[in-house]
Amino acid sequence: MAGDETRDGVALSNLDQPLFDGAGATKRDLVDYLDAVSERIVPVLRGRALSVIRVRPGQQPFMQKNLPKYAPEWVKSVSVWAEASRRQVTYALCDDRRTLLWFANQRAVEYHPSLYTGGHPTHMVLDLDPPDEGFSMAVRGAFLVRQALSDAGLAGAVKTSGAKGVHVFVPVLPDTAMDDLAAATRALAARAERVDPALATTAFIREDREGKVFIDSTRAGGATVAAAYSPRVRPGAPVSFPVPWEELDRVSPGDFTIHTAAGLLGDGDPWAELMPEPQRLPDDLVAEGHTIPIARVQAMHEGKRRAAARRASS
């Protein structure tokens, strides 16, 4: 059939179909892009429980966590206990090009790996989420995080999220305890907020952010983040792309798409090249973080309190 072919033993079908509304791309464009960057994206996916966002024709995008029963037997998997749903989830492991191509053929556009391998966390992550489409504000927020990191004796790498925000990744030593990592992330976000409270906020409840950049410190533990080089289900099919700190304020999310990103890489792998060595979290950062309430829990209690207050006033 037209638009069908085989690569690395993977049958690819309907390659000439539109990818999704507003993508300005076909399924073939997705396959070609992921194949071109496979040697860069597979290393950031390998060994990590993988969730993907798929887009089927005529359907809304959906996140897939469980590996489908029809997956080929050579797709590796890992079983993880999901505390939120109180059940075991069998996640795929995208450990090689063939698995990546299989996912591409399943119209998996976004790749969201776990932030741990073998039960050990690998990175502290700060997600800079600006109001509306304020990417330049996200960039300014990222520089606050960089300042807070520097003051703590730490260093991180930065990438566009592929949407409107920015991700800062700080590699940590494999013996880092998960609760200490979560605490340090909260403390770092609070310190970045204190650098410029007029610009940034750690307020988890959206209505409390007052048009500021939200420094999201909740990615530790079981959360996921779009991988470096992952496409996003956004108009123009942008890609989450690593950027040197000194160039961050000179780029925009639209600079990196499935049409352009592979060509910008040349023979390089900037995410690997820009990533510092794993670091030990400072004791004072961890200790400070353990005094800061967990944002999601605090927001849940505050939401209930406000709802009760509204009921009482009415």
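All figures in this text were calculated on a predicted structure; none of them were measured in a lab. (Residues numbered from 1 in each chain as written. Predicted model: local features only at pLDDT ≥ 70, side-chain atom pairs only at ≥ 80, totals over all residues. Heavy atoms only, no water.)

Draft legend 1. Local environment of the overall build of the protein chain. Counting its regular elements, the protein chain contains 9 helices and 15 strands. On the principal axes, the C-alpha backbone points of the protein chain span a range of 60 × 50 × 40 Å. Counting all 314 residues of the protein chain, 53% fall into the buried class. Here the analysis covers contacts within the protein chain between residues at least 6 apart in sequence; of these, 71% occur between residues at least 24 apart. With the model as given, the accessible surface of the protein chain reaches about 14,600 Å², and the carbon-plus-sulfur share is 51%. In the protein chain, 37 positive and 40 negative side-chain charges are present, and the distance between their average locations comes to 7 Å. (Helix = DSSP H or I, 4+ residues; strand = E, 2+ residues; numbered from the N terminus. Buried < 20%, exposed > 50% of the residue type's maximum accessible area, 1.4 Å probe, protein only. Contact = heavy atoms within 4.5 Å. Areas by Shrake-Rupley, 256 points an atom, 1.4 Å probe, with all protein chains shown as cover. Lys, Arg positive; Asp, Glu negative; His and termini not counted. Charge placed at Lys NZ, Arg CZ, Asp CG, Glu CD.)

Draft legend 2. Layout of helix H1 (residues 27–36). Of all the residues in H1, the buried ones are Lys 27, Leu 30, Val 31, Tyr 33, Leu 34 and Asp 35. Tucked inside the fold, the buried residues of H1 contact strand E1 (5–7), strand E2 (10–12), helix H2 (38–45), helix H3 (97–105), strand E7 (108–113) and helix H6 (261–265).

Draft legend 3. Region of interest: the layout of surface pockets. Volume-wise, the second largest pocket comes out at about 560 Å³. Residue lining of the second largest pocket: 29 residues in total, with Asp 127, Ala 163, Arg 219, Arg 232 and Arg 234 positioned closest to the centre. At 3 residues, strand E10 (residues 123–129) tops the list of elements feeding residues into the lining of the second largest pocket. Looking at the lining of the second largest pocket residue by residue, the classes come out as 9 nonpolar, 9 polar and 11 charged. (1 Å grid on protein atoms, 1.4 Å probe; cavity = no way out; pocket = protein on both sides within 12 Å on 5 of 7 lines; lining within 4 Å. Points joined across faces, edges and corners; volume = space filled by probe spheres on them. Nonpolar A, V, L, I, M, F, W, Y, C, P; charged D, E, K, R; others polar.)

Draft legend 4. Highlighting the environment of Pro 242. Within the secondary structure, Pro 242 is located in strand E15 (residues 242–243). Remark: the alpha-carbon pair of Pro 242 and Trp 271, spanning 29 residues in sequence, is separated by 5.5 Å. Those residues within four positions of Pro 242 in sequence are excluded, and the remaining contacts are Val 158, Lys 159, Tyr 229, Pro 270 and Trp 271.

Draft legend 5. Quick peek at the nonpolar core. Counting 86 residues, the largest nonpolar core has Tyr 111, Met 124, Leu 128 and Val 168 as the members making the most contacts within it. In this view, Val 168 contacts Met 124, Val 125, Leu 126, Leu 128, Ala 142, Val 145, Leu 149, Ala 157, Val 158 and Trp 245; residues no more than four positions away in its chain are not counted. Within the second largest apolar cluster, 6 residues are counted, among which are Ala 49, Val 89, Tyr 91 and Tyr 116. (Core = buried A, V, L, I, M, F, W, Y, C linked by side-chain atoms within 4.5 Å.)

Draft legend 6. The arrangement of the packing of helix H4 (residues 135–151) against helix H5 (residues 178–195) in detail. Orientation of H4 relative to H5, taken along the N-to-C sense of each, is 115°, at an axis distance of 8 Å. As summarised for this structure, H4 and H5 are arranged roughly perpendicular, according to the angle between their axes. The handedness of the crossing between H4 and H5 comes out as right-handed. For the pair formed by H4 and H5, the contact residues are Leu 144, Val 145, Gln 147, Ala 148 and Leu 149 on the first element and Leu 188, Arg 191, Ala 192 and Val 195 on the second. (Axes fitted to C-alpha atoms, helices over the stretch in contact; angles between N-to-C directions. Parallel < 35°, antiparallel > 145°, perpendicular 65-115°, else oblique. Left-handed = near helix turned anticlockwise from the far one by under 90°.)

So far we have only geometry, and geometry alone does not tell us how the molecule works.
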